[in-house]
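Coordinate inspection notes
Given next are the chains, with one letter for each unit.
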Amino acid sequence: MAERSIIDQLDDAVSAILAGRESDTAAIDQSVVELVAVAQQLRGLPRDEFKKHLKDTLVRSNEMSSPVMKPEPALPSLSVYLCFNNAAGAIEYYKEAFGAEELMRLAEPGGKIGHAEIKIGEAVILMSDEYPDYGAISPQTLGGSPMKLHLSVLDVDSFVAKAVSLGANLVRPIEDQSYGHRSGQITDPFGYTWIISTHQKDVPVDEMQKQFDDFVQKRATDETPASSKTSYRREGFHTVTPYLTVEQPAMLLEFTRKAFLATELGRTTGSPGGLHAETKIGDSMLMIGGGVGLEQRPTAIHLYVPDVDAAYQRSLEAGATSLFEPADQPYGERSGAVQDPTGNRWYIATPFVPLNEIAEGLRTITLYLHPIGAQGLIDFLRNAFGSEEVMRHQAPDGMILHAKMRIGDSIVELGESRGGSLPMPTAVYMYVEDVDALYERALKAGAVSVLPPTDQPYGDRNAWVKDPFDNIWYLATHLA
């Protein structure tokens with residue numbers, strides 16, 4: 001029999017070692033003895049701890065050297081599919097304003113998006129550009145969308161403020177809701193309405209049903225035919241509404257939108273020409289009007305907001321100049337002040353206690369007057385409009401530093417003009433039960449007639465008077 005080769009002998013020796021028959025290696029050729037010794041030393045390697053270390057090292061190396069692939073999220077059974085006339089622009093807006101993450105897009109060579117997916121919070125939204133042939137049409141083409149999207153966020157106030165600063169419109173102010181949420185509504189630049197909400201507390205369903213029943217009953221009362229109603233004010237208005245009159249009213253409207261999250265309710269041409277607009281901030285109405293060549297009447301406003309620091313910063317970003325930075329005040333609020341680009345002063349404040357504990361009738365917007373001779377203005381308000389003084393703070397020499405006067409269901413604040421608080425004769429729209437009687441009473445108290453009582457085509461009966469301090473009062477009674 002031919003002698004086995006060295007390779008075959010080594011293979012037999014290794015097999016014997018692995019089988020535990022090391023005595024069978026004694027007859028091998030001397031030339032492979034050293035190799036058999038090495039094989040015996042390697043038996044049992046690698047150790048378990050080395051194998052684990054090697055595996056961990058290889059995994060880390062692979063993660064660092066391999067491109068990161070975004071895992072495709074599992075879509076829920078139902079997803080919203082939105083259409084845009086500029087889907088690429090919408091993706092960028094949602095990234096910046098909503099913190100969206102782009103997951104994927106399929107685009108034509110020219111950039112038109114046939115399909116894209118973004119993620120906002122835990123929700124995946126599908127989207128595309130317009131394809132009319134396939135029934136894909138955007139809200140901007142249709143003139144709006146009947147669909148609203150609900151988005152839950154951690155801080156509705158800061159979220160909405162950022163969205164508005166980037167081009168959204170506030171269509172419902174942020175308010176605490178009876179069902180346990182704090183929410184508001186915005187319309188994004190692409191025509192979709194979003195209900196932005198932060199959960200505050202759980203409310204039982206039976207309690208929500210009771211609140212809904214109360215709402216339905218109130219609505220039925222509100223819809224009673226006008227002939228049986230006794231309200232002399234338009235819906236949403238209180239007795240006193242400041243009327244800010246400036247050369248650039250459109251600029252002022254944009255400022256209030258960006259700085260104070262105002263909701264514009266409409267605009268038209270005013271009776272003397274120029275612009276007339278109505279907007280809402282919080283629970284209060286504000287009238288804005290004017291135009292180039294018309295008399296300007298910038299105003300001072302005491303504005304109560306949920307977060308004075310945030311509102312102050314937004315106002316600066318919207319073009320205002322600082323009068324003083326926010327600081328805690330000894331009279332119970334944290335406040336700062338700015339002057340907007342059209343000349344109005346805004347004393348922005350967050351109270352430490354609820355407004356109704358400070359004075360009944362205080363709301364988001366409170367008119368602030370700076371007359372020379374504050375006592376004289378107090379006397380006029382009392383004699384002309386039946387105003388009631390509810391608070392006064394004066395210096396030892398008798399100068400009235402701050403006072404609150406109640407007129408109807410509203411508060412008007414005033415303080416003697418001093419230092420930088422120069423007189424700011426303003427315009428005020430005031431709803432009263434009997435415009436004719438109050439017009440006569442105002443004249444007897446020292447006012448001058450600007451317009452006698454007249455029925456207006458917009459549904460109010462108006463009379464205009466100018467008080468001895470050059471303020472214009474638009475007295476009004478809403479007609480049936």
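Scroll up a little and you will see the structure.
I will try to describe carefully the structure that is included in this document. (Residues numbered from 1 in each chain as written. Predicted model: local features only at pLDDT ≥ 70, side-chain atom pairs only at ≥ 80, totals over all residues. Heavy atoms only, no water.)

Now for the environment of Asp188. Structurally, Asp188 can be placed in the loop between strand 7 (181–187) and strand 8 (193–199). Counting along the chain gives 25 residues from Asp188 to Ala163, while the straight-line C-alpha distance between them is 7.9 Å. Setting aside its immediate chain neighbours within four residues, Asp188 contacts Tyr93, Tyr94, Ala168 and Trp194. A distance of 2.7 Å separates the side chain of Asp188 from the backbone nitrogen of Phe190, its partner in a polar contact. Within the local environment of Asp188, its side chain forms a polar contact with the side chain of Trp194, the two groups lying 2.8 Å apart. (Helix = DSSP H or I, 4+ residues; strand = E, 2+ residues; numbered from the N terminus. Contact = heavy atoms within 4.5 Å. Polar contact = N/O pair within 3.5 Å; in protein donor to acceptor, adjacent residues only side chain to side chain.)

Now for the sheet that holds strand 12 (residues 284–290). In space, the eight strands of this open sheet follow the order 10-11-12-9-21-24-23-22, with mixed pairing throughout. Of all the strands in the sheet, the pair left with one neighbour each is strand 10 (263–269) and strand 22 (448–455). Between one strand axis and the next, the sheet turns through 20° on average, direction left out of account. Against the sheet, helix 12 (residues 435–444) makes contact with strand 21 (427–431), strand 22, strand 23 (460–466) and strand 24 (472–478), and its axis sits at roughly 5° relative to strand 23, the strand it touches most. (Pairing = 2+ DSSP bridges. Axes fitted to C-alpha atoms, helices over the stretch in contact; angles between N-to-C directions.)

Turning our eyes to something else, we now look at helix 9 (residues 308–317). Listing the buried residues of helix 9 in full gives Val308, Ala311, Tyr312, Arg314 and Ser315. Taken down its axis, helix 9 places every buried residue within 165° of arc, on the same side. Looking one or two residues beyond helix 9, the residue adopting positive phi is Gly319, at roughly 115°. (Buried < 20%, exposed > 50% of the residue type's maximum accessible area, 1.4 Å probe, protein only. Arc of directions from axis to C-beta.)

On to the nonpolar core. A general feature of soluble globular proteins is that nonpolar side chains tend to end up buried together. Within the largest apolar cluster, 37 residues are counted, with the highest numbers of intra-cluster contacts made by Phe84, Tyr94, Phe98, Val160, Ile186, Trp194 and Ile196. The biggest single contributor to this core is helix 4 (residues 87–98), with seven residues. Ignoring any residue separated from it by four or fewer positions in sequence, one finds Ile196 in contact with Leu151, Val153, Val156, Phe159, Val160, Arg182, Ser183, Gly184 and Ile186. Of all hydrophobic cores here, the second largest spans 28 residues; its members include Ala374, Met405, Val435 and Ala442. (Core = buried A, V, L, I, M, F, W, Y, C linked by side-chain atoms within 4.5 Å.)

With that settled, consider the pairing of strand 9 (residues 240–246). Of all the seven residues making up strand 9, seven are buried; the element is thus mostly covered by neighbouring parts of the structure. Neither face of strand 9 is open: one carries Val240, Pro242, Leu244 and Val246, the other Thr241, Tyr243 and Thr245, and all of them are buried. Looking at chain direction, strand 9 and strand 21 are connected through four bridges and run antiparallel. By the bridge assignment, Val240 is partnered in strand 21 with Met430. Where strand 9 meets strand 12, four bridges bridge the pair, whose relative direction is parallel. For Thr245, the partnering residue across the bridge sits in strand 12 and is Gly289.

Across the seven residues of strand 12, seven count as buried, placing the element largely inside the fold. Going residue by residue along strand 12, you find Ser284, Leu286, Ile288 and Gly290 tucked away on one face and Met285, Met287 and Gly289 tucked away on the opposite face as well. Summarising the sheet, strand 11 (residues 275–281) and strand 12 pair through seven bridges and their orientation is antiparallel. When the sheet's bridge partners are listed, Thr279 is paired in strand 12 with Leu286.

A few words now on the pattern of salt bridges. Proximity of charged atoms lets side chains of opposite charge pair with each other. Under the counting rule described, the total for this entry stands at 24 salt bridges. With a shortest N-O distance of 2.7 Å, Glu254 and Arg257 are connected by a salt bridge. Of this pair, Glu254 and Arg257 are both found in helix 8 (residues 249–260), three residues apart, which corresponds to roughly one turn of the helix. With a relative accessible area of 11%, Arg257 lands in the buried category. Put simply, Glu295 and Arg297 hold a salt bridge, and the shortest N to O gap is 3.2 Å. Classification of Glu295 as exposed rests on a relative accessible area of 51%. Residue class for Arg297 comes out buried when judged on its relative accessible area of 4%. One network of salt bridges, with partners in common, ties together Glu92, Lys95, Glu102 and Arg105. (Salt bridge = Lys/Arg side-chain N within 4 Å of Asp/Glu carboxyl O.)

A few words now on helix 12. Side chains three or four residues apart in an α-helix point the same way, a direct result of the helix having 3.6 residues per turn. Every buried residue of helix 12 is accounted for by Val435, Leu438, Tyr439 and Ala442. Axial view of helix 12: buried residues confined to an arc of 105°, hence all on one face. Looking at the packing, one finds that the buried side of helix 12 touches helix 11 (374–385), strand 21, strand 22, strand 23 and strand 24. Two or three places before Asp436, at the opening of helix 12, Asp434 has a side-chain oxygen 3.2 Å from that residue's backbone nitrogen. Once helix 12 finishes, Gly446 follows within two positions and takes phi at roughly 115°, a positive value.

Moving on to unusual backbone geometry. Phi angles above zero are rare outside glycine, and Leu261 is one such case at about 60°. Counting through the fold element by element, Leu261 comes out in the loop between helix 8 and strand 10. Assessed through its relative accessible area of 10%, Leu261 is described here as buried. If you check the backbone angles, Asp470 has positive phi at about 75° while not being a glycine. You can see Asp470 is positioned in the loop between strand 23 and strand 24.

The next subject is the side chain of Arg314. Structurally, Arg314 can be placed in helix 9. No salt bridge forms around the buried Arg314; measuring N to O, its nearest opposite-charge neighbour Asp307 is 6.9 Å away. Leave out the neighbours within four places in its chain, and Arg314 touches Ala161, Lys258, Ala259, Phe260 and Leu261. (Lys, Arg positive; Asp, Glu negative; His and termini not counted.)

Below, the discussion takes up the environment of Thr279. Looking at where Thr279 falls in the secondary structure, it is placed in strand 11. Take Thr279: its relative accessible area is 1%, and that puts it in the buried class. Placed 14 residues apart in sequence, Thr279 and Leu265 show a C-alpha to C-alpha distance of 5.2 Å. There is a polar contact of 2.9 Å between the side chain of Thr279 and the backbone oxygen of Thr263.

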